[in-house]
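Observations on the model geometry
One-letter residues, chain by chain:
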Amino acid sequence: MSAMTLWGRHSGMVALIAIVGLVLDQATKLWLLNGFDLGATGPVALTPFLDIVLVWNRGISYGLFQQDSETGRWLLAAFTLAAAVAIWIWAAGSQRFVTGLALAFILAGAIGNGIDRLVFGAVVDFVHFHVGSFSWYVFNIADVWIVAGVIGLLYDWLTDRGGSAAK
């Protein structure tokens, strides 16, 4: 195993995709909060199964580990920073394009939600899927990037299994 590196084969691509994903995430949130004023406007039904609503998530995914204290907020922010650094190092050492791409998505989402936590004290969530009495959790673009990245990592792992076993 090679030594830790901060710049590698796919780092340029990872940085570009992470920045674009981060900008899209933050621009959407800022527009909904300030341009559209979702807080004052209230929920908006886009379709019979999709609403735009404003939810302040003081926890992590699916609202787990809710933090109402400043200490909890800063601990989650520190964890997010540590995770982003670890993801960057992983991406810098990755040799496969799909791994780098997946990690770029995860990095964009982690930083986007981390910025929210630092600026607002909570993550801005706004997309709400629901069908009949079933209600999916409320999420944001950063969450979409994270999920896409995890799916990419799973795909990469599944498609690389045969190649790794043969080596």
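Structure: see above.
Attention here is on the structure that accompanies the text. Keep in mind the model is a prediction, meaning the values are calculated, not measured.

**Remarks on the pairing of strand β4 (residues 134–139)**
Of the strand pairs in this sheet, strand β3 (residues 123–131) and β4 are connected by four bridges, and their pairing is antiparallel. Note that in β4 the partner of H128 across the bridge is V138.

**Observations regarding the nonpolar core**
Core analysis: the biggest nonpolar cluster contains 16 residues, and V14, I87, W88, L103, I106, L107 and L153 have the highest contact counts within it. No other element matches the six residues that helix α4 (residues 97–120) contributes to this core. When sequence neighbours within four positions are dropped, the list of residues in contact with I87 reads L103, I106 and L107. Grouped together as the second largest cluster of nonpolar side chains are nine residues, L32, L38, L50 and I52 included.

**Thoughts on unusual backbone geometry**
In terms of backbone geometry, most residues other than glycine have negative phi values and most peptide bonds are trans. Phi at D37 is positive, roughly 55 degrees, even though this residue is not glycine. In this structure, D37 sits in the loop between α1 (11–35) and α2 (38–41). Of the residues examined, D37 reaches a relative accessible area of 36% and is grouped as partly exposed.

**Details of the pattern of salt bridges**
If you walk through the whole model with that rule in mind, you get five salt bridges. In this structure, E70 and R73 form a salt bridge, with 3.2 Å as the shortest nitrogen-oxygen distance. Highlighted residues: E70 and R73, both in helix α3 (residues 70–93), separated by three residues, approximately one helical turn. Given the relative accessible area of 49%, E70 is considered partly exposed. Here R96 and D160 are joined by a salt bridge, their closest N and O atoms 3.3 Å apart.

**Notes on the packing of aromatic side chains**
All chains considered together, the criterion is met by nine aromatic pairs. Between F105 and W145, the ring centres sit 5.8 Å apart and the planes meet at 15 degrees, which makes this aromatic pair stacked. With F105 in helix α4 and W145 in helix α5 (residues 141–166), this pair connects stretches of sequence that are 40 residues apart. With a centroid separation of 5.9 Å and 25 degrees between ring planes, the pair formed by F129 and F139 is classed as stacked. With F129 in strand β3 and F139 in strand β4, this residue pair connects regions lying 10 residues apart in the sequence. Among the aromatic residues, those joined into a ring-pair cluster are F49, F129, F134, W136, Y137 and F139.

**Things to note about the side chain of D156**
Here D156 lies in helix α5. In this structure the side chain of D156 is engaged in a polar contact, spanning 2.3 Å, whose partner is the side chain of T99. Beyond its immediate sequence surroundings of up to four residues, D156 is in contact with R96, V98 and T99.

**Quick look at a nonpolar patch on the surface**
On the surface, L30, W56, W74, L118, V119 and F120 cluster together into a nonpolar patch covering about 560 Å² of accessible area. With respect to the helices and strands, W74 occurs in helix α3.

**Re α4**
Under the 1.5 Å per step criterion, the end-to-end length of α4 is 34 Å for 24 residues, consistent within 8% with the ideal 34 Å. At the exit of α4 stands G121, carrying a positive phi of roughly 85 degrees.

**Quick word on the pairing of strand β2 (residues 50–57)**
Remark: a regular strand shows side chains that alternate across the two faces of the sheet. Strand direction decides the pairing type here: strand β1 (residues 44–47) and β2, joined by three bridges, are antiparallel. Bridged to V44 within β2 is I52. One ladder, built from six bridges, connects β2 with β3; its direction is antiparallel. Among the inter-strand pairings, V55 is bridged to a residue of β3, identified as D125.

Rules and cut-offs
- Residues numbered from 1 in each chain as written.
- Predicted model: local features only at pLDDT ≥ 70, side-chain atom pairs only at ≥ 80, totals over all residues.
- Heavy atoms only, no water.
- Pairing = 2+ DSSP bridges.
- Helix = DSSP H or I, 4+ residues; strand = E, 2+ residues; numbered from the N terminus.
- Core = buried A, V, L, I, M, F, W, Y, C linked by side-chain atoms within 4.5 Å.
- Buried < 20%, exposed > 50% of the residue type's maximum accessible area, 1.4 Å probe, protein only.
- Contact = heavy atoms within 4.5 Å.
- Salt bridge = Lys/Arg side-chain N within 4 Å of Asp/Glu carboxyl O.
- Phe/Tyr/Trp six-rings, centres within 6.5 Å; stacked < 30°, edge-to-face > 60°.
- Polar contact = N/O pair within 3.5 Å; in protein donor to acceptor, adjacent residues only side chain to side chain.
- Patch = residues over 30% accessible without salt bridge, like charges linked within 9 Å, V, L, I, M, F, W, Y side chains within 5 Å.
- Areas by Shrake-Rupley, 256 points an atom, 1.4 Å probe, with all protein chains shown as cover.
- Expected span 1.5 Å × (residues − 1).

Read these as layout, nothing more, since geometry by itself doesn't imply function.
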